[in-house]
Amino acid sequence: MYGAPPARPVLTPSAGQRSRTGLLLWCLAQWVLVPLDLLLRLFWVPVLAVVNAFDDLSLDRGWLRSLVAPLTRWVGPGRLAREWGSGGPRWDAHMEHLCAVALRAYERQRTTGRRDFAGWTYLRYGSEGNALLLSPKDYRGLSSERIHEIAAHRGLVARSSGPFGITLTPATGWTSTIIQPNGPTGAAA
């Protein structure tokens, strides 16, 4: 009853900051490795999807996630700037963006009644049950405490998902109000 508030659960550790040398080497190598990986998957993944369809007479979306996986490793200018720096505001803004993506996905789920994630949200980030799944590389510049703070500010709860990363789920009593940097928008459900 008295004393310190309960500690927030420890999250799956991030992928860790890359060295600047490693980041520069990847930025150069990605121009060859990512297209090569994508090209190989364009030929191999459809074969696996057809074999899977004949094997159990169903077709799941896992093959599509496997097909776009190389694109998620691409380091563009925004990600380069975020990973080059020492963290701070750029990682906070990125986590705010991820929380906004999660809130939009949950709002779509609430309005359409579907229990799964669809579109680029699913392909880029994935899902675990009814929760948006983030890879450890998506929050590599943030501490567990900071992730909890940002998620709580947006009405989300961050939980560990083992080696896969963390999940963002709506907090209890969640409404459809999306908190923007300029203030709340939307109507409460």
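None of these values were measured; they are calculated from a predicted model.

At their nearest, the axes of helix 3 (residues 77–84) and helix 4 (residues 89–112) sit 8 Å apart, and the two run at 130 degrees to each other. Judged on the interaxial angle alone, helix 4 and helix 3 are oblique. Each of Ala81, Arg82 and Glu83 in helix 3 lies in contact with helix 4, whose residues at this interface are Arg90, Trp91 and His94. Looking at the contact of helix 3 with helix 4 residue by residue, the class counts come to 2 nonpolar, 1 polar and 3 charged.

Another point: the packing of aromatic side chains. Taken as a whole, this structure holds 1 aromatic pair when the rule is applied. Considering the side-chain rings of Trp31 and Trp74, the 4.8 Å spacing of their centres and the 80 degrees angle between planes classify their relative orientation as edge-to-face. Highlighted residues: Trp31 in helix 1 (residues 20–56) and Trp74 in the loop between helix 2 (62–72) and helix 3, separated in sequence by 43 residues.

Overall, antiparallel pairing links the 4 strands, which are arranged 1-2-4-3 in an open sheet. Among the strands making up the open sheet, the edge pair consists of strand 1 (127–128) and strand 3 (156–160). Pairing of strand 1 with strand 2 (residues 131–134), which is carried by 2 bridges, proceeds in the antiparallel orientation. The residue of strand 2 that forms the bridge with Glu128 is Ala131. The strands that helix 4 touches are strand 2, strand 3 and strand 4 (166–170); relative to strand 4, the one it contacts most, it runs at about 55 degrees. Running at roughly 145 degrees to strand 3, helix 6 (residues 144–153) makes contact with strand 3 and strand 4 of the sheet.

Moving on: the nonpolar core. The biggest cluster of nonpolar side chains holds 27 residues, and the ones touching the most others in it are Met95, Leu132, Leu134, Ile147, Leu156 and Leu168. Broken down by secondary-structure element, the contributors of at least two residues to this core are helix 4, helix 5 (119–124), strand 2, helix 6, strand 3 and strand 4. Among the elements that make up this core, the one with the highest residue count is helix 4 (9 residues). In terms of nonpolar packing, the next biggest core, distinct from the first, is built from 5 residues, Trp26, Cys27, Val34 and Val75 among them.

On to the packing of helix 4 against helix 6. For the pair helix 4 and helix 6, the least separation of the axes is 10 Å and the interaxial angle reads 45 degrees. It follows from the interaxial angle that helix 4 and helix 6 lie oblique. For the pair helix 4 and helix 6, the crossing hand works out as right-handed. Counting all contacts with helix 4, which are made through Asp92, Met95, Glu96 and Cys99, the residues of helix 6 involved are Arg146, Ile147, Ile150, Ala151 and His153. Of the residues belonging to the contact of helix 4 with helix 6, the class tally is 5 nonpolar, 1 polar and 3 charged.

Our next topic: the pattern of salt bridges. Any two side chains of opposite charge can pair, on the condition that their charged atoms come close. According to the stated counting rule, one finds 9 salt bridges in the structure shown. The partner of Arg146 in a salt bridge is Glu149, and the shortest N-O contact between them spans 2.7 Å. A residue pair is termed a helical-turn pair when its members lie 3 or 4 positions apart in one helix, as Arg146 and Glu149 do in helix 6 at 3 residues. Given the relative accessible area of 39%, Glu149 is considered partly exposed. Several salt bridges converge on common partners, so that one network encompasses Arg18, Arg79, Glu83 and Arg140.

A separate point is the pairing of strand 2. Of the two faces of strand 2, both are covered, the one formed by Ala131 and Leu133 as well as the one formed by Leu132 and Leu134. Counted between consecutive antiparallel strands, the loop separating strand 1 from strand 2 contains 2 residues, among which Gly129 sits at a positive phi close to 65 degrees. Alignment of strand 2 against strand 4, held across 3 bridges, turns out to be antiparallel. Residue pairing for strand 4: Leu133 is matched across the bridge by Thr167.

What follows covers the layout of surface pockets. By volume, the largest pocket amounts to about 200 Å³. Looking at the lining of the largest pocket, the elements with two or more residues in it are helix 2, helix 5 and strand 2. Per-element tally for the lining of the largest pocket: the top contributor is helix 2, with 4 residues. Looking at side-chain class alone, the lining of the largest pocket contains 8 nonpolar, 2 polar and 4 charged residues.

How each quantity is defined
- Residues numbered from 1 in each chain as written.
- Predicted model: local features only at pLDDT ≥ 70, side-chain atom pairs only at ≥ 80, totals over all residues.
- Heavy atoms only, no water.
- Axes fitted to C-alpha atoms, helices over the stretch in contact; angles between N-to-C directions.
- Helix = DSSP H or I, 4+ residues; strand = E, 2+ residues; numbered from the N terminus.
- Parallel < 35°, antiparallel > 145°, perpendicular 65-115°, else oblique.
- Contact = heavy atoms within 4.5 Å.
- Nonpolar A, V, L, I, M, F, W, Y, C, P; charged D, E, K, R; others polar.
- Phe/Tyr/Trp six-rings, centres within 6.5 Å; stacked < 30°, edge-to-face > 60°.
- Pairing = 2+ DSSP bridges.
- Core = buried A, V, L, I, M, F, W, Y, C linked by side-chain atoms within 4.5 Å.
- Buried < 20%, exposed > 50% of the residue type's maximum accessible area, 1.4 Å probe, protein only.
- Left-handed = near helix turned anticlockwise from the far one by under 90°.
- Salt bridge = Lys/Arg side-chain N within 4 Å of Asp/Glu carboxyl O.
- 1 Å grid on protein atoms, 1.4 Å probe; cavity = no way out; pocket = protein on both sides within 12 Å on 5 of 7 lines; lining within 4 Å.
- Points joined across faces, edges and corners; volume = space filled by probe spheres on them.

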